[in-house]
Amino acid sequence: MTEVLLLHHAQGQTQGFLDQALTQTRPGALGALLLHSAVPTASFASPWPAGTPAQMHAMDSDEWAEVPIMKEVAAQIHAELFLYPGTGHLFADTSSEDYDEQAATLLMQRTLAFLDSVG
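J.: Just checking my understanding: could you explain a nonpolar patch on the surface for this structure?
T.: Together, Met-108, Leu-112 and Leu-115 make up a nonpolar patch on the protein surface, roughly 260 Å² of accessible area in all. Along the chain, Leu-112 falls in helix 3 (residues 101–118). Accessibility expressed as a relative area gives 46% for Leu-112, which makes it partly exposed.

If you want it as structure tokens, here you go:
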């Protein structure tokens, strides 16, 4: 069994579905980072693997992130959910007009701590 950590960065919902699906259905996931979106866990044939940590990040008023679904998923799988003030979707992308330096810095600090905790 290969151990992996899966990261979803919003590149369209199809990619997000794939990353979350792999975490839920592929043995060996060390954890998952879901940036900017999540889908209901019932969307996949397998439940979230017990004990698999996850961390989720989005802007609290990002229309693309579907924050209510992220909150539901975070509660179901006991994930850390970090919501940053604002509306930008790609707030951590320096080339995006949505870039928010303060939020991006926090995201990076929290992501690195998460990686340390699972790695």
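J.: Just to check I follow, could you spell out the nonpolar core for this structure?
T.: Most often, soluble globular proteins keep nonpolar side chains buried together rather than apart. Core analysis: the biggest nonpolar cluster contains 14 residues, and Ala-38, Ala-54, Met-56, Met-70, Ile-77 and Ala-79 have the highest contact counts within it. Those elements that provide at least two residues to this core are strand 2 (29–35), strand 3 (54–59) and helix 2 (67–77). Considering each element in turn, this core owes the most residues, five residues, to helix 2. Those residues in contact with Ala-54, other than ones at most four positions away along the chain, are Ala-32, Trp-48, Ile-77, Ala-79, Glu-80 and Phe-114. Counting residues in each nonpolar core, the second largest holds seven residues, with Leu-35, Phe-82, Tyr-84 and Phe-91 among its members.

J.: Would you take a moment to explain the pairing of strand 2 for this structure?
T.: Put simply, side chains in a regular strand alternate between the two faces of the sheet. In terms of burial, strand 2 is largely enclosed, as six of its seven residues are buried. Pairing analysis gives four bridges linking strand 2 to strand 3, with the strands arranged parallel. In the sheet register, Leu-35 faces strand 3, and the bridge partner there is His-57.

J.: In this structure, what is going on with the environment of Leu-34? I would like to understand it.
T.: Structurally, the position occupied by Leu-34 is in strand 2. In sequence terms Leu-34 and Asp-19 are 15 residues apart; their C-alpha atoms lie 8.4 Å from each other.

J.: What am I meant to see in unusual backbone geometry here?
T.: Note: most residues except glycine have negative phi, and most peptide bonds are trans. Despite not being glycine, His-36 shows a phi value in the positive range, around 80°. Assignment of secondary structure puts His-36 in the loop between strand 2 and strand 3. Despite not being glycine, His-78 has its phi angle at roughly 60°, a positive value. If you trace the backbone, His-78 turns up in the loop between helix 2 and strand 4 (80–84). Of the residues examined, His-78 reaches a relative accessible area of 72% and is grouped as exposed.

The rules we used
- Residues numbered from 1 in each chain as written.
- Predicted model: local features only at pLDDT ≥ 70, side-chain atom pairs only at ≥ 80, totals over all residues.
- Heavy atoms only, no water.
- Patch = residues over 30% accessible without salt bridge, like charges linked within 9 Å, V, L, I, M, F, W, Y side chains within 5 Å.
- Areas by Shrake-Rupley, 256 points an atom, 1.4 Å probe, with all protein chains shown as cover.
- Salt bridge = Lys/Arg side-chain N within 4 Å of Asp/Glu carboxyl O.
- Helix = DSSP H or I, 4+ residues; strand = E, 2+ residues; numbered from the N terminus.
- Buried < 20%, exposed > 50% of the residue type's maximum accessible area, 1.4 Å probe, protein only.
- Core = buried A, V, L, I, M, F, W, Y, C linked by side-chain atoms within 4.5 Å.
- Contact = heavy atoms within 4.5 Å.
- Pairing = 2+ DSSP bridges.

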